[in-house]
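Residue-level listing of the chains:
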Amino acid sequence: MNTTSRPRPRAILRIHFHAAERPEELYGQLLTVVDGISSRVEPLPADWSAYADLTGALTYWGRDTEGLVAVLRLRLLALHGVACSAGAGPTRSIAAMAVDATPPGAATVVRDDPYEIAAFLRTKPASALPGIGPKTAKTLARYGITSVGDIADTQLPTLQRILGTTAARLAHDRAHGIDGRPVVPGSAPRAMSASHRFDRDELDTERHHRAVLGLVQDLGRRLRTSGEITQALTLTVTYADRAQTTRTRTLAEPTAHSPALAVTARDLLAGLGLQRARVRTLTLRAERLRPAEDTVRQLTFDQRDDKLHRLETALDKATNRYGPGITRAASAFPRAG
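What counts as what
Residues numbered from 1 in each chain as written. Predicted model: local features only at pLDDT ≥ 70, side-chain atom pairs only at ≥ 80, totals over all residues. Heavy atoms only, no water. Axes fitted to C-alpha atoms, helices over the stretch in contact; angles between N-to-C directions. Helix = DSSP H or I, 4+ residues; strand = E, 2+ residues; numbered from the N terminus. Parallel < 35°, antiparallel > 145°, perpendicular 65-115°, else oblique. Left-handed = near helix turned anticlockwise from the far one by under 90°. Contact = heavy atoms within 4.5 Å. Nonpolar A, V, L, I, M, F, W, Y, C, P; charged D, E, K, R; others polar. Buried < 20%, exposed > 50% of the residue type's maximum accessible area, 1.4 Å probe, protein only. Arc of directions from axis to C-beta. Pairing = 2+ DSSP bridges. Phe/Tyr/Trp six-rings, centres within 6.5 Å; stacked < 30°, edge-to-face > 60°. Lys NZ or Arg CZ within 6 Å of the ring centre and 35° of its normal.

Draft legend 1. Looking closely at the packing of helix α6 (residues 134–141) against helix α8 (residues 156–163). At a minimum axis separation of 10 Å, α6 and α8 run at an interaxial angle of 125°. Judged on the interaxial angle alone, α8 and α6 are oblique. Handedness of the α6/α8 crossing: right-handed. Only L159, I162 and L163 of α8 make contact with α6, whose side of the interface consists of T136, T139 and L140. Split into classes, the residues belonging to the contact of α6 with α8 amount to four nonpolar, two polar and no charged.

Right, here's the structure in full:
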């Protein structure tokens, strides 16, 4: 008797870790827990999340997707006291949409079934589909396309006239639950972070600014001491209700130079618009570290920049000898105009 074996259902997990403090060591420990469930883990350190391909792990553990995700969430909470939100589905895009719709401490699982996939996707707003930003969603809305179901029902040539060939094809495929991108296993790029917790929930934007500059000084000194440079900065704000906002910006060139770091940190802080926010903690994270010998400094006639480099070296020596409280150079850092 001939039998046709069905392909194994795919199960891709997107998981967000929720922690008040975000030291890089903890993120690595959380990834280790995920790796204990599935060896196919793709770290996403910028927003403290990860993808994991659970397809093979389901057979190994003898559980369905809901059961395996529950085991993982329980392990993270028991071992590290970290709650998470989890979304799982047959593709990366469905997993990402599922986790976005899930509150901390919960999970949303979409099974690899055409009817369940369609039921999950079709009612979502167009902006929920990965790759459809606010501007694209507004463009689609002008044509009456406001949901993922509308995108799926629109003829591809029509979408191509609205969005262009490549964007239309991606949107059309993902609206039908088609996304062949694999989970790419890898280790988390090295990072370094510093946090400032206010004695009370802080409304004063000037204190926010001074705290961020203090974090810049701390990170810059530690980067230079360890002989490393950073390619991006991430600023995370924890509010009075423990909600968080995270923004990341890539530097114009990798550096450990505090004034250059301060410019980017200042822009990140200004972009958050914290004028009336009750801030509890500010965390600045240097991402994608590289050895300092990889630095390429642009030739410049700016003597002030050279002086700041020399001042930095002197301050680092003083701080390493007498401690971080011995001096402050924040007045030398660029400020918002």
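Moving on from the model shown.
Draft legend 2. Main features of α8. Three or more residues of α8 are buried, namely L156, L159 and I162. Along α8, the residues classed as buried sweep out an arc of 120° about the axis, all on the same side. Summarising the contacts, the buried residues of α8 are in contact with α6, α7 (148–153) and α9 (165–175). Looking one or two places after α8, you find G164, whose phi comes out positive at around 100°.

Draft legend 3. Molecular detail of the pairing of strand β3 (residues 49–53). Most of β3 sits inside the fold, with five of its five residues counted as buried. Taking every second residue as pointing to the same face, both faces of β3 are buried, with S49, Y51 and D53 on one and A50 and A52 on the other. When strand β1 (residues 12–18) meets β3, the two strands line up antiparallel, connected through five bridges. Bridging across to β3, R14 finds its partner in Y51. As defined by bridge partners, strand β2 (residues 41–44) adjoins β3 across four bridges and the pair is classed as antiparallel. In the strand pairing of β3, L44 is matched with S49.

Draft legend 4. Representation of the packing of aromatic side chains in the model. All chains considered together, the criterion is met by three aromatic pairs. Relative to Y27, the ring of F17 has its centre 6.1 Å away and its plane inclined at 75°; by these criteria the two rings are edge-to-face. Note that F17 is positioned in strand β1 and Y27 in helix α1 (residues 24–37), a separation of 10 residues in sequence. Y27 gets classed as buried once you look at its relative accessible area, which sits at 1%. Ring geometry for Y60 versus W61: centroids 5.5 Å apart, planes at 80°, classification edge-to-face. On the basis of relative accessibility, which here comes to 68%, the residue Y60 falls in the exposed class. Grouped by ring-pair contacts, the aromatic residues F17, Y27 and W48 constitute a single cluster. The cationic tip of R92 hangs over the ring face of Y51; the distance from NZ or CZ to the ring centre is 4.0 Å.

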